Structure formats: C-alpha cells, structure tokens
Amino acid sequence: MNNSYFKPALGRMLRQSVLKHIRRKPEGVLEGAAIGYDAAIFQNGDITEIQAVGAQPTSRFPEDYPLTAGEAAWITAENQLATKGIFATGVSPDDVSKRQNAGRIVAAQVLLVAGMSCPESRIRREMQRLAQFAAERSCPIVGGNTVHFLEGTDCLVQVVLTGRLPAGEHVQDGEPSDGERVQDGEPSDSERVQDGEAPDGERVQDGEAPDGEHVQDGEAPDGERVQDGEASDGERVQNRPAGTEEESPGSANAASGLLRKPAPGDRVYFLGEVGCLGADLLARSRREELRRHFPESYIETMEYGVEDYSVQEKAAAALEAGAVFLHDVSNGGVHAALYQLAEAAGCGIHVRHEGLTVRQSVIELSEALEINPYLLLGTGGLLAVVPEDTAAEFEGSMTIRKTQPDADPGADGRSGGSFPWAYAGQLTKEKARLVTAENFHMERYLNLPDGDAFEEARSPET
C-alpha cells in the first residue's frame, strides 16, 4: 500500500481506519494491501500481474524542474514494480530480449485530482509530458479519471502501472513456522509493544546529534501512545475463528519473484542515498536562501539527476546478489521505509544509523532548513533484506559491483553500474523499532512519520 500524505498519526490511521476493514484476499490475489508491501499481485492463469501506484502533487515540482509530478509518480510506481522483480526475473542480465519477455510493464492509468482553481495549462502540460514518458517506455496509457474537487490550484497526479510476469518466475512464500496466521500489525506471539516505547517501558529522552545528524524521535506529535493492533476506542481486535482468519500479507502464496517474507535475524541493507529527490527539489527551489549559507559550488553537490530516482538497477543487483525481499524508499524518507519494512515482517528492527548513506551536503541543507534528512522524500533509495547465513555472499557480490562499476555486465552475470550501499541493520524478534547512532551513543524508536520533511521545508514561511 502506498503510504503518502495522510495526517495525523499515519500508522494508527492506516491500521485502524483502512487496513482493519480490508478482509481476506480473494482467490487469485497473492499479495494485497498492507504496510510495507509495495504492490498488489494477482495470479491470472499462467500469468502473474503486478499493480503499483505512484502519486505526486504538482506543487512540489516547479515548471523548470527536469521532472513533472506525473513523471515522478510514474517513477515511483516503476520502483514499486522493481521491488517485485519485474525487471529482474532470474533471466541472465545480458539477454535483454528474454528479460523483456519475462517481465514488463503492459499498461498505465492516470488519475488527476485537480483543485477548482487549477489552471488548465498545468493539466495539459502534465498529460503531454506523461504521454511522451509512456511512449518512450512503449507502455500505453489505457485509462484513468480526472476530477475537479479540491480547493486551490494544486493537482495530485496518480499513476497506476500494471506489470506482467510468467507464473513460473514466482516462488511460493513461506508460512509462519508455527502455522499460525498473524494479523496486520500484530506480533506473532500476541505480545503488544507500544510504538516508540522500549521493551522495559522506559522512554528515551529527546536529543539531537551533533552537526545536524538527526535520528527520529519515537513519540507521536500529540504525545499519545497507541498499541499496535488496538482499536481507537481502546478495544483489541480479536482473532478470527479458525478457518476464517485473515492472512498475513506475507503468508502462503505471496511473493512475486522474491523468495520469502522477511524474518527475524535477516539483515537489512540500504542501497542509494538518503533524501535524494527531496534534497534536489529543495536545493533548486530554496536556492536564494541556501546561498546565504553556502557557496554555489557546494549547493550543486546537494543536487541529484533524474537517473538517481530509479531503483531498477539497484533492485536487479540486489536480487542477483541474493536478496529475498525489497522495499523502496519514498514519502517519509528512509525512516518511514524502515518502519514499513518491520511492519511487513511482523517483527522489530535494529537500525545502524551509520549504515544510512547520506551526503554531508544534504545534512547541511537539512540543518539550514531545520528539517530531518532521514524523513526527507527519498525516491531512489532501496532496502534489501538478506538472510544472515548468505550475507557474506551478498556483500561480496555488491563489493565487486562497487569496485568494478564499468565491468561488462555479461562477464560475471551481474548488472553493470555502481551505487552506494551499506549494511543498515537487522530484523529482530523483539517488536521495538530501534535506531542506534554508535558514533553519538544515542538511541531512538521509530514510528511511521505523519508526513514528509519536504513539506516542512518547501515554503520559507514554514
């Protein structure tokens, strides 16, 4: 499920007001709506179809920016398909024709929700650019919807992409070891742990790392704690009778080209850099203010290129190296993605703050604008889950890529190119979602952010 612009208390709202009302997946649906799962997967005879949604408001993207909102939404949806193996299906990477036949995007739909005062020229520009974007990818736009509903001049552009894979490319996901189903957001042993609370109930005091390196505080803005899986009126959500219980999002028959649901003990790796898209947008839109702090040459190091926002290469490389589950970074930044990953696994996570690769210039941009870079729009980042017993092989494969970025991709069976990657932490049996900054001797507990740091910094008045 795409977790985009909901406020306040996003995690609580998703569990209690959205996911709670989505019942058992119908026959043929292999993977449905759940926090941390990037796309819906359907079995249709011998074909497996994958559907993903990306959304961006036009107000984020100035007219002179290299991407429109629609193009950025398309890339977001493409990234979600990439996490499901749509661009890497076990076919040798040097055989392009087989890869295209094995997995491809077959259709797109576009939904426009425009403000009552949104200029027609803005909608026209979005669709002209999107049509060209789709043509370059040989993907037809087959439908959609356009409504004038919201106040103001903004327009939310949503892109729904449908990908297709042969059923034989998929590996059945594993059941929980004890055969029990687990409800979305509920610990498998039925133990409840409050969001943002240490297992012994002690709170961790607020604090800020030196030099503007922030680690998210685990307390909701209103200071209220809500237990996972608890209804808003304080009542517990009861388990369903045997034979009628909901399936866990990663239970039987779920996994889309990947091997299995993530589990405690698995290692988590971060591929890419923190806050790519958000940093680039802010470096361009807040230029005059940033020039009061930094020389122009340094501001340029805060910028990224359009090619940095795709995770297709990262996803293909991670799968080839042995990853069993992928999750892309988008709204809410890498901290949101880590929380979502732990939710998808139904367990806790211990994150190494130092394993989240971030440019020093992006840290300083965040200091100047008083935002948290780890909550900043992170399109282009990717989380990869790897079994602990194969982590050494994964790291060896990724190190070869990093040291030989220009090697012939057909020579060793791996995709070409290079990008930053690092060991970011480990999934745990304990349900707490913990970030540890070893350099600063600090700890924080993760919650699902209520929004994105980009929204806090986008206007000089905020």
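Above this note sits the structure.
Owing to the predicted nature of the structure, the values given are computational and were not obtained by experimental measurement. (Residues numbered from 1 in each chain as written. Predicted model: local features only at pLDDT ≥ 70, side-chain atom pairs only at ≥ 80, totals over all residues. Heavy atoms only, no water.)

### A look at the overall build of the chain
Check the secondary structure of the chain and you find twelve helices and 13 strands. Looking at the chain as a whole, 52% of its 462 residues are labelled buried. With the model as given, the accessible surface of the chain reaches about 19,800 Å², and the carbon-plus-sulfur share is 48%. (Helix = DSSP H or I, 4+ residues; strand = E, 2+ residues; numbered from the N terminus. Buried < 20%, exposed > 50% of the residue type's maximum accessible area, 1.4 Å probe, protein only. Areas by Shrake-Rupley, 256 points an atom, 1.4 Å probe, with all protein chains shown as cover.)

### A short note on the sheet that holds strand β8 (residues 325-328)
A sheet is described by the order of its strands in space; here seven strands give the open sequence β8-β10-β7-β11-β9-β12-β13, paired in mixed fashion. The open sheet has two edge strands, β8 and β13 (442-445), and neither has a second partner. Within this sheet the neighbouring strands show an average axis-to-axis angle of 25°, counted without direction. Where helix α2 (residues 69-83) meets the sheet, it contacts β8 and β10 (382-386), and its direction lies at approximately 170° from that of β8. (Pairing = 2+ DSSP bridges. Axes fitted to C-alpha atoms, helices over the stretch in contact; angles between N-to-C directions. Contact = heavy atoms within 4.5 Å.)

### Quick notes on the packing of α2 against helix α4 (residues 120-136)
Two elements in contact, α2 and α4, have axes separated by 8 Å at closest approach and are oriented at 40°. Relative to α4, α2 is oriented oblique. When α2 is examined against α4, the residues Ala69, Gly70, Glu71, Trp74 and Ile75 are found in contact with a partner set consisting of Glu126, Arg129, Leu130, Phe133 and Ala134. A class-by-class count of the residues in the contact of α2 with α4 yields six nonpolar, one polar and three charged. (Parallel < 35°, antiparallel > 145°, perpendicular 65-115°, else oblique. Nonpolar A, V, L, I, M, F, W, Y, C, P; charged D, E, K, R; others polar.)

### What about the environment of Gln312?
Checked against the element boundaries, Gln312 lands in helix α8 (residues 312-321). For Gln312, a relative accessible area of 25% translates into the label partly exposed. Ignoring any residue separated from it by four or fewer positions in sequence, one finds Gln312 in contact with Glu78, Ala82 and Phe87.

### Considering the environment of Gly380
Among the structural elements, Gly380 can be located in the loop between α10 (360-369) and β10. Spatially, the C-alpha atom of Gly380 lies 7.5 Å from that of Asp328, the residues being 52 residues apart in sequence. Setting aside residues no more than four positions away along its own chain, Gly380 makes contact with Asn79, Leu271, Gly272, Asp308, Tyr309, Ser310, Val311, Lys314 and Val329.

### Here we look at the environment of Arg12
In this fold, Arg12 is placed in helix α1 (residues 10-18). Judged by relative accessible area, which is 26%, Arg12 ranks as partly exposed. Between the alpha carbons of Arg12 and Asn447 there is a distance of 9.8 Å; along the sequence they are 435 residues apart.

### Considerations on the side chain of Asp266
Looking at where Asp266 falls in the secondary structure, it is placed in the loop between β6 (155-166) and β7 (267-271). Residue Asp266 is classed as buried on the basis of its relative accessible area of 4%. At 2.9 Å, the side chain of Asp266 and the backbone nitrogen of Ala263 are in polar contact. Apart from residues no more than four positions distant in its own chain, Asp266 is found in contact with Arg260, Val385, Val386, Pro387, Glu388, Gly425, Gln426 and Leu427. (Polar contact = N/O pair within 3.5 Å; in protein donor to acceptor, adjacent residues only side chain to side chain.)

### What about the packing of aromatic side chains?
Taken as a whole and assessed by the stated rule, the structure comprises seven aromatic pairs. Each member of the aromatic cluster is reached from another via a ring pair, and the members are Tyr269, Phe394, Trp421 and Tyr423. Positioned above the aromatic ring of Tyr423, the side-chain terminus of Arg267 is 4.7 Å from the ring centre. (Phe/Tyr/Trp six-rings, centres within 6.5 Å; stacked < 30°, edge-to-face > 60°. Lys NZ or Arg CZ within 6 Å of the ring centre and 35° of its normal.)

### Observations regarding α10
A large share of α10 lies buried, amounting to seven of its ten residues. Among all positions of α10, only Ser361, Val362, Ile363, Leu365, Ser366, Ala368 and Leu369 are buried. In the core, the buried residues of α10 are packed alongside α5 (276-285), α6 (287-291), α7 (296-299) and α12 (453-457).

### A word on a nonpolar patch on the surface
The grouping of Val147, Phe149 and Leu150 at the surface amounts to a nonpolar patch, some 280 Å² of accessible area in total. Among the secondary structure elements, Val147 is positioned in strand β5 (residues 141-150). Owing to a relative accessible area of 30%, Val147 belongs among the partly exposed residues under this scheme. (Patch = residues over 30% accessible without salt bridge, like charges linked within 9 Å, V, L, I, M, F, W, Y side chains within 5 Å. Salt bridge = Lys/Arg side-chain N within 4 Å of Asp/Glu carboxyl O.)

### Some remarks on unusual backbone geometry
Excluding glycine, most residues fall at negative phi; most peptide bonds, likewise, are trans. The backbone of Ser138 sits at a positive phi, close to 55°, despite the residue not being glycine. Backbone geometry places Glu370, a non-glycine residue, at a positive phi of 60°. Here Glu370 is to be found in the loop between α10 and β10. Taking relative accessible area as the criterion, Glu370 reaches 72% and is therefore assigned exposed.

### Quick notes on the nonpolar core
Core analysis: the biggest nonpolar cluster contains 89 residues, and Trp74, Val334, Leu338 and Leu356 have the highest contact counts within it. Excluding residues within four positions of it along the chain, Trp74 makes contact with Ala108, Leu130, Phe133, Ala134, Arg137, Cys139, Ile141, Val159 and Leu161. (Core = buried A, V, L, I, M, F, W, Y, C linked by side-chain atoms within 4.5 Å.)

### As for the pattern of salt bridges
This model, assessed by the stated rule, comprises 15 salt bridges. Between Arg124 and Glu120 there is a salt bridge whose closest N-O contact spans 3.5 Å. Placement of the pair is Arg124 and Glu120 together in helix α4, with a separation of four residues, close to one helical turn. Judged by relative accessible area, which is 42%, Arg124 ranks as partly exposed. Arg359 is the salt-bridge partner of Glu273, the closest N and O atoms lying 2.8 Å from each other. Here Arg359 lies in the loop between β9 (348-352) and α10 and Glu273 lies in the loop between β7 and α5, a separation of 86 residues in the sequence. Among the residues examined, Glu273 registers a relative accessible area of 15% and is labelled buried. Judged by its relative accessible area of 26%, Arg359 is partly exposed. Through salt bridges with shared partners, a single network forms among Arg287, Glu288, Arg291, Glu296 and Glu303.

Honestly, it's all geometry; don't read function into it.
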